[in-house]
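The residues making up each chain are set out below.
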Amino acid sequence: MPEVTRGMALAPLIAAALERQELAARDEDVLLVCQKIVSKSEGRFVDFNAIEVSPRARELAARCGKDARLVEIILQESTEVVRCAPQVLIVRHRLGLVMANAGVDQSNVPDSESRALLLPEDPDGSARSSLNYSGRRPRW
């Protein structure tokens, strides 16, 4: 797979990758796609320089030892802080999932010192639009 960037249609990329590996998807196959390439294709990046840090984020950052800007992003994606301990921030994401850092990710992200990647805004919608990129279910 190439580096996925904003606006790239994933279904054709996946189909091409399968073809290069001499694989073919069949009816009833299930393909799993990591959230990171979906988020990248949707442009779900947040620039740390655009973040205004709240007092709550500063307080939690001091307790867990994380960058206050990162904690602010995590709080903006969350509805509840479940646990805060050194290097650990467990939250309930706005989608209802309980996870570390609200799924906010900096690994394998270009310019990761200054930005982070969020989960897709609407994962179910992302899945539907990937299947219907040409208006019909792809035949790989």
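The structure under discussion appears in the preceding block.
One numbering rule holds for all chains: residues counted from 1, following each sequence as written. Under the rules for a predicted model, residues below a pLDDT of 70 receive no local features and side-chain atom pairs below 80 are neither given nor counted, while totals for whole chains, interfaces and linings still include all residues. Neither water nor hydrogens contribute to the side-chain values; these are computed over all heavy atoms in the structure.

1. As for unusual backbone geometry
- The phi torsion at N101 lies on the positive side, around 55 degrees, for a residue other than glycine.
- Strands are runs of DSSP state E lasting at least two residues, helices are runs of H or I lasting at least four, and both sets are numbered from the N terminus onward. Mapped onto the fold, N101 is located in the loop between β4 (98–100) and β5 (115–117).
- We call a residue buried when its accessible area falls under 20% of the maximum for its residue type, exposed when it is over 50%, and partly exposed in between, using a 1.4 Å probe and counting protein chains only. Among the residues examined, N101 registers a relative accessible area of 18% and is labelled buried.
- One non-glycine residue, N108, lies in the positive phi region at around 55 degrees.
- Along the chain, the position of N108 falls in the loop between β4 and β5.
- A relative accessible area of 64% means that N108 is categorised as exposed.

2. A few points about the side chain of K36
- By secondary structure assignment, the location of K36 is in helix α2 (residues 35–41).
- At 2.5 Å, the side chain of K36 forms a polar contact with the backbone oxygen of S107.
- What makes two residues a contact is simply this: any of their non-hydrogen atoms within 4.5 Å. Discounting chain neighbours no more than four positions away, the residues touching K36 are D105, S107, N108 and L117. Residues adjacent in sequence count toward polar contacts only when both atoms are side-chain atoms; beyond that, a polar contact is any pair of N or O atoms within 3.5 Å, and within protein one must be able to donate a hydrogen and the other to accept it.

3. Looking at the pairing of strand β3 (residues 88–93)
- The rule for pairing is simple: two strands pair if DSSP sees at least two bridges between them. Taken together, the six bridges between strand β2 (residues 78–85) and β3 define a ladder with antiparallel strand orientation. The residue bridging S78 from the neighbouring strand is H93, located in β3.
- Where β3 meets β4, three bridges bridge the pair, whose relative direction is antiparallel. Residue pairing for β4: V91 is matched across the bridge by M99.
- Remark: four residues form the turn of the hairpin made by β3 and β4, two consecutive strands paired antiparallel; G96 in that turn has positive phi of roughly 100 degrees.

4. Notes on the pattern of salt bridges
- For this document, the term salt bridge refers to a Lys or Arg side-chain nitrogen within 4 Å of an Asp or Glu carboxyl oxygen. Evaluated as defined, the whole model comprises 11 salt bridges.
- The salt bridge partner of E3 is K40, with a shortest N-O separation of 2.7 Å. With E3 in the segment before α1 (10–20) and K40 in helix α2, this pair connects stretches of sequence that are 37 residues apart.
- Among the salt bridges present, the one from R26 reaches D29, with a minimum N-O distance of 4.0 Å.

5. Brief notes about helix α4 (residues 68–76)
- When you tally the buried positions in α4, you get seven out of nine residues, the bulk of the element.
- Along α4, the positions that sit buried rather than exposed are A68, L70, V71, E72, I73, I74 and L75.
- The secondary structure elements touched by the buried residues of α4 are β1 (45–47), α3 (55–64), β2 and β3.

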